[in-house]
Amino acid sequence: MHIDTLKQLALDALEELKARDISTIDVASLTNVTDVMMVASATSTRHVAALAQNVVEKAKAGGLAPRGVEGGSNADWVLVDLGDVVVHVMLPEARELYDLERLWADLPAEGGVEQLRERLEEQAGGR
């Protein structure tokens, strides 16, 4: 599936169930794991799960089996790996704590993933 089509599929799935503050981050120059990260906020853990499930269902309906889903039905953060697009659905508190948009925006092209790992470990230690 073309990356623009995949981004639109994920965006439509998130908007359909009223995700909030959806952002798209181009990380292609920072990692070889994915090209785009999408981050969206939800209003409750049930909303997080419903949004993530809708992304999975829309991807499957489009002929793409997600590579994986991390997080559970009562999680404050669920990640849906669609390959070229990774979708993070988070409660506002988790989104503020991990601040993925800033973390990825501040990374240099060289060593970006390693620096991100270090920053996330530092933030998790301060919880």
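Computed from a prediction, not measured in an experiment: that's the story for all the values here.

Criteria and thresholds
- Positions within a chain are numbered from 1, following the residues in the order the chain's sequence is written.
- Per-residue local features of the predicted model are confined to residues with pLDDT of at least 70, and side-chain atom pairs are confined, for both listing and counting, to 80 or more; whole-chain, interface and lining totals are unaffected and use all residues.
- Side-chain numbers come from the whole structure's heavy atoms, not from hydrogens or water.
- Only runs of H or I of at least four residues qualify as helices and only runs of E of at least two qualify as strands under DSSP, and these elements are numbered from the N terminus.
- Here the expected span of a helix is defined as 1.5 Å times the quantity of residues minus one.
- Whether two residues touch is decided by their heavy atoms; if any such pair falls within 4.5 Å, the residues are in contact.
- The term nonpolar core refers to a set of buried residues drawn from Ala, Val, Leu, Ile, Met, Phe, Trp, Tyr and Cys, joined through side-chain atoms within 4.5 Å.
- Summary of the burial criterion: residues with accessible area below 20% of their type's maximum are buried, those above 50% are exposed, and those between are partly exposed, where the area comes from a 1.4 Å probe applied to protein chains only.
- Following DSSP output, two strands are said to pair if at least two bridges run between them.
- All axes here are fitted lines through C-alpha atoms, helices being fitted over the stretch that makes contact, and every angle between N-to-C directions spans 0 to 180 degrees.
- Every residue gets a pLDDT, meaning the predictor's confidence in that residue, from 0 to 100.

Participant: I'd like to hear about helix 1 (residues 3-16), residue by residue, with values.
Facilitator: With 14 residues, helix 1 extends 20 Å from end C-alpha to end C-alpha; this agrees with the ideal 20 Å at 1.5 Å per step. Close packing links the buried residues of helix 1 with strand 1 (20-26), strand 2 (36-41), helix 2 (45-61) and strand 5 (85-90). Phi for K18, located one or two positions after helix 1, is positive at around 65°.

Participant: Talk me through the nonpolar core; I want residue IDs and the actual numbers.
Facilitator: Counting 24 residues, the largest nonpolar core has L14, M38, V55, V80, L82, V87 and V89 as its most contacted members. Residue assignment for this core shows that the elements contributing at least two residues are helix 1, strand 2, helix 2, strand 4 (77-81) and strand 5. Considering every element that reaches this core, the biggest residue donor is helix 2, with 6 residues.

Participant: Give me the lowdown on the sheet that holds strand 3 (residues 68-70), citing residues and values where you can.
Facilitator: One open sheet accounts for 5 strands, arranged 1-2-5-4-3; its pairing is mixed. Whereas interior strands pair on both sides, the edge strands pair on one side only; in this sheet they are strand 1 and strand 3. With direction set aside, neighbouring strand axes in the sheet form an average angle of 15°. Across the sheet, helix 1 lies against strand 1, strand 2 and strand 5, angled at about 5° from strand 2, the strand it touches most. Contacting strand 2, strand 3, strand 4 and strand 5, helix 2 runs over the sheet at an angle of about 5° to strand 4.

Participant: Could you give an account of the confidence of the model for the chain, with specific residues and numbers?
Facilitator: Chain-level pLDDT for the chain is 89 on average; 87% of the residues reach the 70-or-more range. Across the chain, element-level confidence peaks in strand 5 with a mean pLDDT of 98 and bottoms out in helix 5 (residues 112-125) with 68.

Participant: Before we move on, can you summarise the pairing of strand 5 with the specific residues and values?
Facilitator: Taken across its 6 residues, strand 5 has 6 buried, putting it largely inside the fold. Side chains of strand 5 alternate between two faces, with V85, V87 and V89 and V86, H88 and M90 buried alike. Relative to strand 5, strand 2 runs parallel, the two being bridged by 6 bridges. Bridge pairing in strand 5 links A40 to V89. Looking at chain direction, strand 4 and strand 5 are connected through 5 bridges and run antiparallel. Directly across from L79, in strand 5, lies its bridge partner H88. Between strand 4 and strand 5, which pair antiparallel and follow one another directly, the connecting turn spans 3 residues, one of which, G83, has a positive phi of 90°.

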